[in-house]
Amino acid sequence: MTTDAELTNVVLVTVDSLRADAISPYDAERHTPVLQGLADRGTVFEHAFATGNWTPFSFPGLLASRPTFADTGRIGVSETPTLAETLSTAGVATGGFNAANGFLTEHWGYDEGFDEFEAFVADIGSSIYGQYLAAHPTVEGWLQLAASPFRRLSSRLRRDEDDRPFLDTSRMLDVERAATSFVEDADEPFFLWIHYMDVHTPYVPAPRYIREVSSAVFGTHRMLLAHTRTGLGREVGDRTLADLRTLYQGAVRQVDASVGRVLDALDATGQRDATAVVVAGDHGEEFQEHGHLAHYPKLYDELVHVPLVVDVPGAAPHRIDGPVGLDAVPPTVCDLFGVDAPAEWTGESLVSSVEDGADPADEPVISVAVRGDDVTQQPIPRGLDDGDLLVSVRTSEWTYIENTATGEAELYHRPSDPDQQTDRAADPTPGADAVLSRLRESVREHAERLAEATEPERADSDDESTVDDAVETRLSALGYR
């Protein structure tokens with residue numbers, strides 16, 4: 001890529017459960033000043049979509065530019081060249097730091113190609129107390145919330161800012177310290193990947209950030225009540241839902257501030273003007289738009305529409321309308337380094353959009369989910385055979401979703417129905433009928449490709465492969481089995 005500045009480094013920031021409308025570049029009512037600064041000088045992709053509704057379904061696209069399940073019928077990236085492997089082979093120093101998401105560990109191949117890699121799960125169960133809190137993150141959240149008034153008073157007495165969580169439940173501080181250390185020690189060129197978990201349930205931001213995103217007096221008792229009601233499966237009314245949204249937005253602002261401190265480290269080492277920054281959510285989060293909380297197996301926009309911001313020093317700011325999938329991230333990063341993307345990758349570089357503001361090719365964006373007997377069934381599906389395959393196809397205007405096992409289908413026109421509440425599949429208009437037929441064909445072609453490509457590997461795979469105890473503990477802490 002050619003700009004007025006010499007680009008030598010790329011930082012990729014991924015944020016778990018971050019929906020597009022949670023940050024100010026996509027919703028002016030949000031408060032995320034650091035990410036807004038990146039958007040103001042960079043390129044904002046208005047319609048970026050995750051390739052799945054869950055981390056293990058989205059990250060094969062984000063770090064290996066491959067469709068989920070395309071190589072083995074299982075989650076993970078162990079059978080395909082990853083972004084870090086490709087860059088490392090080209091002589092780029094690589095560092096990856098994941099805030100204890102058990103699905104982004106060595107077990108599933110995400111360490112491949114990183115010179116430095118830390119998933120922060122190995123010490124989760126180092127004590128009985130630690131094991132209990134790791135398996136009960138909501139209790140951890142309660143401890144932080146209950147202690148917040150005392151911590152706030154202590155901060156005032158010390159004249160400190162209470163901008164750090166009382167308990168590092170999200171491992172944000174660990175990730176931030178590791179990333180900062182990598183920046184300080186790395187020889188150029190370097191690639192740094194940071195994955196934050198603060199925005200994943202339970203939402204337990206430091207009190208300062210709750211105050212920043214809420215105009216109301218938001219007492220600790222209300223935070224505790226919101227977590228308690230959802231944790232016990234009680235009915236979530238409007239007030240509890242509003243409180244959960246406030247906590248979520250506070251967690252988003254907490255990540256925003258942490259990203260700012262990493263950027264400060266780049267400034268302090270004189271590398272900021274030579275470093276591109278890419279920010280993406282791996283999937284979104286539902287707040288009862290379609291009947292649930294969190295991110296159960298569905299493919300509506302609240303779970304699939306995510307932020308994608310690319311800030312390249314020397315490039316003019318742009319806002320891009322055309323739809324893009326997150327599998328475009330690896331080839332884009334390679335293009336920024338001048339490194340050829342592997343032939344196996346399916347995404348296309350977005351550098352031309354960053355350079356001149358041109359819309360990418362209007363290709364449909366495909367996302368998948370796997371649903372068991374019930375929407376909220378555990379364990380989380382880890383393979384193509386663990387339930388019904390749901391596939392969605394998005395064009396610039398339309399979303400089509402099909403359960404490929406049952407044939408149930410939904411069709412939505414996003415410009416006129418942004419919340420995807422009016423299903424047109426059963427009674428399409430003449431114009432929608434043609435769209436329905438074309439998108440249905442895309443879904444079935446994708447499902448057939450997955451089945452054909454993975455059938456031999458699935459027949460030979462060991463579905464009972466063991467997972468490290470620490471990883472299982474962390475997955476349990478996130479609500480997965």
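Residues numbered from 1 in each chain as written. Predicted model: local features only at pLDDT ≥ 70, side-chain atom pairs only at ≥ 80, totals over all residues. Heavy atoms only, no water.

Visitor: Explain the environment of glycine 291 here, please?
Guide: Take glycine 291: it is sitting in the loop between strand E7 (286–287) and strand E8 (293–294). Take glycine 291: its relative accessible area is 52%, and that puts it in the exposed class. Residues within four places of glycine 291 in sequence aside, it is in contact with Glu286 and Lys298. (Helix = DSSP H or I, 4+ residues; strand = E, 2+ residues; numbered from the N terminus. Buried < 20%, exposed > 50% of the residue type's maximum accessible area, 1.4 Å probe, protein only. Contact = heavy atoms within 4.5 Å.)

Visitor: How should I be thinking about helix H1 (residues 33–41) in this particular structure?
Guide: Since the α-helix packs 3.6 residues into each turn, any two residues three or four apart lie on the same face. Those residues of H1 not exposed but buried are Leu35, Leu38 and Ala39. Taken end-on, H1 shows its buried residues confined to a sector of 100°, consistent with a single buried face. On its buried face, H1 is in contact with strand E2 (43–49), helix H9 (238–268), strand E6 (275–281) and strand E10 (308–311). (Arc of directions from axis to C-beta.)

Visitor: What is the right way to look at helix H11 (residues 329–337) in this model?
Guide: Counting buried residues in H11 gives 8 out of 9 residues, a clear majority hidden from the surface. Those residues of H11 not exposed but buried are Val329, Pro330, Pro331, Thr332, Val333, Cys334, Leu336 and Phe337. Just beyond H11, the residue with positive phi is glycine 338, at close to 75°.

Visitor: Sorry, what's going on with unusual backbone geometry here?
Guide: Leave glycine aside and you will find that most residues have negative phi; peptide bonds, for their part, are mostly trans. In this chain, glutamate 188 is followed by proline 189 through a cis amide linkage whose omega measures -5°. Within the secondary structure layout, proline 189 lies in the loop between helix H6 (172–185) and strand E5 (190–196). Cis peptide bonds are those with omega within 30 degrees of zero, and the linkage from threonine 201 to proline 202 qualifies with -5°. Here proline 202 lies in the loop between E5 and helix H7 (207–213). Of note, the phi angle at serine 17 is positive, near 65°, even though the residue is not glycine. The residue serine 17 is located in the loop between strand E1 (9–15) and H1 in this model.

Visitor: What exactly am I supposed to notice about the packing of aromatic side chains here?
Guide: Aromatic ring pairs are defined here through the distance separating the ring centres and the angle between the ring planes. For the coordinates displayed, the defined rule picks out 14 aromatic pairs. Aromatic side chains tyrosine 203 and phenylalanine 287 sit 6.0 Å apart centroid to centroid with 45° between the ring planes, which places their arrangement in the tilted category. In this pair, tyrosine 203 is assigned in the loop between E5 and H7 and phenylalanine 287 in strand E7, connecting sequence segments 84 residues apart. In this structure, tyrosine 203 and phenylalanine 287 share a single accessibility class: buried. Seen from their ring centres, tyrosine 248 and phenylalanine 287 are 5.1 Å apart, and the 75° between their planes marks the pair as edge-to-face. Of this pair, tyrosine 248 sits in helix H9 while phenylalanine 287 sits in strand E7, and the two are 39 residues apart along the sequence. In this pair, the class of tyrosine 248 matches that of phenylalanine 287, namely buried. (Phe/Tyr/Trp six-rings, centres within 6.5 Å; stacked < 30°, edge-to-face > 60°.)

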